[in-house]
Amino acid sequence: MDDFFKKYEEFKIYHNTFLNLAFHFATSVSQIAFALLFLKTYSFWYLLFIPIIPYLTDGIGHILEGNFFEVLLISKLKKSTNSSGASGFKNFIYRLIALPDYLWYIAHRG
């Protein structure tokens with residue numbers, strides 16, 4: 001579990017703005033929605049888009065934050081698809097918890 005939180009702290013280094021976090025949150029929610037749509041319709045188009053969604057929405061989030069190329073370089077150095085080097089599942093969870101975590105921080109920083 002320590003590894004989970006260590007990598008989450010690394011994830012947060014490159015995810016600092018509301019828009020970036022909102023796009024990342026939308027990534028995981030979209031993946032859940034597409035999985036549910038697949039289960040409802042059995043259309044393989046939904047399965048096709050599940051792994052593609054992060055490349056679109058996460059990239060847009062990093063472009064808006066201004067660190068797209070930095071994150072791209074770090075993920076390549078870590079031989080991963082994300083800046084923390086976490087597994088795909090952990091990164092999926094990080095995207096779900098980062099936006100509420102950020103909003104809680106903003107609300108209680110006073």
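Refer to the structure above for everything that follows.
We now turn to the structure provided with this report. (Residues numbered from 1 in each chain as written. Predicted model: local features only at pLDDT ≥ 70, side-chain atom pairs only at ≥ 80, totals over all residues. Heavy atoms only, no water.)

1. Regarding the overall build of the protein
- On a plain count of helices and strands, the protein comes out with six helices and zero strands.
- Taken from the N to the C terminus, the helices and strands of the protein come in the order α-α-α-α-α-α.
- What you see for the protein is a C-alpha radius of gyration of 14 Å, in line with the 13 Å of a compact globule of 110 residues.
- Overall size of the protein, expressed as C-alpha extent along the three principal axes, is 45 × 35 × 30 Å. (Helix = DSSP H or I, 4+ residues; strand = E, 2+ residues; numbered from the N terminus. Rg over C-alpha atoms; globule rule 2.2 N^0.38 Å.)

2. Thoughts on the packing of helix α2 (residues 18–41) against helix α4 (residues 53–65)
- Direction vectors running N to C along α2 and α4 enclose 170 degrees, while the axes themselves pass 8 Å from each other. Viewed along their axes, α2 and α4 adopt a mutual orientation that is roughly antiparallel. Counted together, L19, N20, F23, H24, T27, S30, Q31 and F34 of α2 and I53, P54, T57, D58, I60, G61, H62, L64 and E65 of α4 form the full contact between these two elements.
- Looking at the contact of α2 with α4 residue by residue, the classes come out as seven nonpolar, eight polar and two charged. (Axes fitted to C-alpha atoms, helices over the stretch in contact; angles between N-to-C directions. Parallel < 35°, antiparallel > 145°, perpendicular 65-115°, else oblique. Contact = heavy atoms within 4.5 Å. Nonpolar A, V, L, I, M, F, W, Y, C, P; charged D, E, K, R; others polar.)

3. Details of the side chain of H62
- One can find H62 in helix α4.
- Classification of H62 by relative accessible area gives buried; the value is 5%.
- A polar contact of 2.9 Å, which involves the side chain of H62, links it to the side chain of N67.
- Those residues in contact with H62 that sit more than four places away from it in its chain are Y14, H15, N20, H24, N67, F68 and V71. (Buried < 20%, exposed > 50% of the residue type's maximum accessible area, 1.4 Å probe, protein only. Polar contact = N/O pair within 3.5 Å; in protein donor to acceptor, adjacent residues only side chain to side chain.)

4. With respect to α2
- Here α2 contains 24 residues, and its C-alpha end-to-end distance of 34 Å stays within 8% of the 34 Å for a straight helix at 1.5 Å per residue.
- Residues of α2 that are buried include every one of N20, L21, H24, T27, S28, Q31 and F38, and no others.
- Of the surrounding elements, those touching the buried residues of α2 are α1 (2–13), α3 (44–49), α4 and α6 (88–108).
- In the segment just after α2, Y42 is the residue with positive phi, at about 60 degrees. (Expected span 1.5 Å × (residues − 1).)

5. What to know about the environment of W104
- Inspection of the secondary structure puts W104 in helix α6.
- Here the alpha-carbon distance between W104 and K12, two residues 92 residues apart in the chain, equals 14 Å.

6. A closer look at the pattern of salt bridges
- On inspection of all chains with the given rule, the structure shows six salt bridges.
- In this structure, the salt-bridge partner of K90 is D3, at a minimum N-O distance of 2.8 Å. One end of the pair, K90, is in helix α6; the other, D3, is in helix α1, with 87 residues separating them in the sequence.
- The salt bridge partner of D101 is K12, with a shortest N-O separation of 3.4 Å. Of this pair, D101 sits in helix α6 while K12 sits in helix α1; the two residues are 89 residues apart in sequence, bridging distant segments of the chain.
- Here the salt bridges do not stand alone but share partners, grouping K6, E10 and K78 into one network. (Salt bridge = Lys/Arg side-chain N within 4 Å of Asp/Glu carboxyl O.)

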